[in-house]
Every structure is written in structure tokens, then in C-alpha cells.
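Remarks on the overall topology
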Amino acid sequence: MNGKMKAAVLVNLKQIEIQEMDIPAPAADEALIRVKAVGLCGSDVHYYEHGKIGPYVVEKPIILGHEAAGEIVALGSGVRHLNVGQRVTIEPGVTCGRCEHCKSGRYNLCPEVRFLATPPHDGAFCEYIAIRADFLYPIPDHMSYERAALIEPFSVGLHAVRRGKLQPGETVVIMGMGPIGMLAIAAAKAAGAQRIIGVDMESFRLEKALLMGATHTVNLRDEDAVQAIERITGGRKADLAIETAGNGRAAQNALASVRRGGRVVLVGLPPQNETALSIPYIVDNEIDMYGVFRYHNTYPTGVELLSGDSIDLEPIITDYMSLDETAAAFEKAIHEKNSTLKIVIRP
């Protein structure tokens with residue numbers, strides 16, 4: 001497919017330009033997707049504001065955006081299992097398929113992964129992208145592209161719940177009510193959690209958390225997190241804590257919020273490399289701690305769960321914007337945290 005397309009390109013810190021460029025040609029094992037919806041993620045905002053996340057540094061202009069869905073418009077010569085016109089959601093991390101991590105099923109740890117919008121790889125804030133066809137998942141006709149795009153952040157919640165070995169009937173506390181925290185609520189609810197406690201400092205987000213399925217909320221402006229969780233649980237504390245806020249204090253609260261023999265899952269990335277955690281407390285209480293890096297083998301489950309009506313995503317989608325409004329979307333996400341959760345760009 002020849003022709004030109006529009007793309008929102010980060011050309012410098014806090015500077016996005018709408019540029020015209022060639023529509024990519026799919027390789028033999030790829031499909032060309034007309035992008036219909038892309039969620040704006042916190043990592044996109046971090047690259048926009050700071051130009052790096054840990055070891056990943058923006059060194060040249062880049063197209064951001066990795067939470068995407070769209071329609072297949074062309075297929076590479078070797079693709080047999082998909083058809084032009086199919087509606088798909090896009091898993092953004094293309095892995096090698098050959099290393100020990102890929103072979104064992106934990107392909108999110110592949111050292112050769114090419115992840116959309118992680119430098120130096122371009123993302124999906126554009127009209128078309130080409131991606132390896134085995135990372136495309138068909139979606140039913142009744143599922144909106146916006147909903148399908150959010151299977152990506154929902155996958156983080158699914159993976160966190162799986163890593164934390166959440167069992168039906170258990171109590172889970174989730175630190176941080178951003179979109180990942182909200183979708184972790186949905187994943188915990190789907191896994192059968194009996195009590196889901198959402199913790200944040202913004203009342204706007206805590207109200208949304210209740211709509212997403214939280215049974216209790218704790219506002220850190222009003223009370224201490226650990227004391228509140230002890231009150232809610234009758235002193236027993238939680239079975240599992242999931243930290244999505246990305247700050248050291250939240251990690252410390254997560255650790256202190258679980259019972260003896262409980263589990264802690266760390267999802268958020270603090271700005272500093274080291275956070276003080278009590279090793280004697282971890283040892284004495286035999287706490288299991290898990291790190292979460294993206295996800296693996298979650299997309300079929302995500303499509304299945306979000307195809308039904310048991311999970312309502314409307315509470316977290318606060319804005320729909322066009323590709324031309326991408327720069328404004330980033331500024332809104334940064335400066336209007338008390339009224340903005342997930343912004344979806346419609347190229």
C-alpha cells in the first residue's frame with residue numbers, strides 16, 4: 001500500500017509535531033494496520049516530559065503510543081491466519097521467539113524485544129503501523145476499538161494478579177489508582193477477590209475505583225494507609241498488595257499492608273533506583289515479593305474478558321482526542337490529574 005500518512009512525532013522534550021511520512025510496507029511476516037484507537041500511557045508521558053525511563057533514552061525523534069487497536073489493510077506474503085478487513089488488538093512487544101525466555105513462555109523477558117514506543121522503536125500515534133502478524137489478536141465486531149486498545153494496560157493488571165497468585169475469596173489492596181491500578185481492580189475482580197481496597201490521594205480517582213469494582217477505598221489525605229487497611233480487614237491485613245503508584249512510600253505501605261505469609265507485587269517504577277524496605281520484616285513475616293515487567297500470554301484472556309459486559313471501562317476513559325490533538329492530550333494528562341485518567345487518541 002503506497003501513500004503518505006500523518007504521525008505525531010516527539011521531536012524534542014515536550015514538543016510534538018504532526019508530520020507526513022510514508023505508509024510502512026509490511027514484511028513477509030507482518031500485517032499493515034490502519035490504527036483506530038491508541039491509549040495514552042504514563043510511560044508515553046514520561047518520555048515526553050523527561051526523555052527517558054531507566055535505561056531507555058530518547059535519542060532521536062520518536063512516535064509514541066503502544067496501547068493500540070485497528071483494522072488490517074494489507075498482509076505480508078507469508079501471513080496465512082489473518083485476513084484483510086479483520087479488526088484486531090495489537091500486542092506491542094515483538095520478541096525473538098528463540099531465547100530461553102521466549103522458549104519458556106516468559107517472552108516479556110526477551111532481551112531482543114522490540115516494543116512499540118520504547119526507544120528506538122516507533123509507536124502507534126500515527127495512521128498506519130506494520131507489525132509481526134503473530135502479535136495481532138482478532139476482536140469481535142461488537143467490541144469497540146477503544147476498548148480493544150485498553151487490553152494492553154489491562155494485561156498489566158492480569159499479569160500482576162497472576163504473579164501475585166490471587167485466589168478467590170482473598171483480600172487485595174492496590175496502591176495507586178491510575179489506569180493500571182484501575183485495571184488491576186478489574187483483573188482482581190475477575191479472579192474472584194472478595195475484598196478490593198483502592199488507595200490513592202485523589203478523591204476523583206477513588207470514586208472511579210468504586211465504579212471499577214473496588215469494595216473499599218482509602219484516601220491518603222485523610223488517613224494512614226496501613227491503619228485504614230487494618231480497620232477494614234479487622235486487623236488481619238490483606239493477602240496480596242499490588243503497588244502501581246511508582247513511589248517508594250507506596251512500596252513501603254504495600255509491604256506493611258499484607259498479613260504474615262502474604263504477597264507483594266511491584267508494578268510501578270519509582271524515579272530513584274533504590275527504595276528502603278525492611279528486610280527483617282520481609283523475613284520474619286515470610287512475605288513473597290514479585291516484580292512485574294509488562295506481561296505475557298495475557299491477550300487471549302484480555303480479549304475474552306473485555307468481550308463481555310462484566311467489566312465497564314467507561315469510568316477510566318475520560319477523554320477522546322484526534323491525532324492532531326496529541327500534544328494537547330499530553331499536556332492535559334500532565335496538568336489535569338484531578339479530572340483525567342485515560343485519554344484515547346483516534347488517529
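Residues numbered from 1 in each chain as written. Predicted model: local features only at pLDDT ≥ 70, side-chain atom pairs only at ≥ 80, totals over all residues. Heavy atoms only, no water.

Selection rule: UniProt positions are given in the numbering used here, feature names are shortened, and annotations may be inferred rather than shown by experiment.
An unreviewed UniProt entry annotates the protein as NAD(P)-dependent alcohol dehydrogenase originating from Paenibacillus thalictri. What the UniProt record of the protein gives under Cofactor (unreviewed entry) is the line "Zn(2+)". In its Sequence similarities (unreviewed entry) section, UniProt records this for the protein: "Belongs to the zinc-containing alcohol dehydrogenase family."

1. Section: the UniProt feature "domain: Enoyl reductase (ER)" (unreviewed entry) in the protein
Formally: By definition, any uninterrupted DSSP run of H or I lasting at least four residues is a helix, any uninterrupted run of E lasting at least two residues is a strand, and each is numbered from the N terminus.
As recorded in UniProt, the feature "domain: Enoyl reductase (ER)" (unreviewed entry) lies at residues 11–345. Helix makes up 29% of residues 11–345 and strand 28%, whereas the separation of the span's terminal C-alpha atoms amounts to 19 Å.

2. A look at the pairing of strand 3 (residues 30–39)
Where we set the bar: The buried label applies to any residue whose accessible area, calculated with a 1.4 Å probe on protein chains only, is under 20% of its type's maximum; exposed applies above 50%, and partly exposed to all values in between. Strand pairing follows a simple DSSP-based rule, namely that at least 2 bridges must link the two strands.
Burial within strand 3 is extensive, with eight of its 10 residues counted as buried. Pairing geometry for strand 3 and strand 11 (residues 128–132), over five bridges, is antiparallel. Within the sheet, the bridge partner assigned to Leu-32 lies in strand 11 and is Ala-130. As paired strands, strand 3 and strand 7 (residues 67–75) are joined by eight bridges and run antiparallel to one another. In the strand pairing of strand 7, Ala-37 is matched with Ala-69. Across two bridges, strand 3 lies against strand 20 (residues 342–346) in antiparallel orientation. Counted as the bridge partner of Gly-39 is Val-344 from strand 20.

3. What about the environment of Gly-192?
Here is the rule: Contact criterion: two residues are considered in contact whenever any of their non-hydrogen atoms come within 4.5 Å of each other.
With respect to the helices and strands, the residue Gly-192 is situated in the loop between helix 5 (179–190) and strand 14 (195–200). On the basis of relative accessible area, Gly-192 is assigned to the partly exposed category, the value being 29%. The spatial distance from the C-alpha of Gly-192 to the C-alpha of His-66 is 29 Å, given a sequence separation of 126 residues. Look past the residues within four positions of Gly-192 in its chain and what remains in contact with it is Gln-167, Pro-168 and Gly-169.

4. Considering the domain arrangement of the protein
Put simply, the rule reads: Residue ranges for the domains originate in an automatic or database domain assignment. Once two parts are brought into contact, the accessible area they lose, counted with a 1.4 Å probe and summed over both, makes up the buried area. Here a polar contact is recorded for every N or O atom pair within 3.5 Å, except that within protein the pair must consist of a potential hydrogen donor and a potential acceptor, and residues adjacent in sequence are included only if both atoms are side-chain atoms. Any residue that is not Ala, Val, Leu, Ile, Met, Phe, Trp, Tyr, Cys, Pro, Asp, Glu, Lys or Arg is counted as polar, Gly included; the first ten are nonpolar and the last four charged.
Each assigned domain of the protein is listed with its residue range as follows: domain 1 (4–138 + 313–345) and domain 2 (156–291). Here the C-alpha centre of domain 2 lies 28 Å away from the C-alpha centre of domain 1. The partner domain 2 presents 14 residues to the 13 residues of domain 1 that form the contact. With both chains or domains summed, domain 1 and domain 2 bury close to 1,000 Å², and 72% of this area falls on carbon and sulfur atoms. Contact with domain 2 buries area across many residues of domain 1, yet Pro-315, Ile-316 and Leu-341 alone supply 48% of it, more than any other trio. Inspection of the region where domain 1 meets domain 2 yields three residue pairs in polar contact (both at pLDDT 80 or more). Residues that form the side of domain 1 that touches domain 2 fall into these classes: five nonpolar, five polar and three charged.

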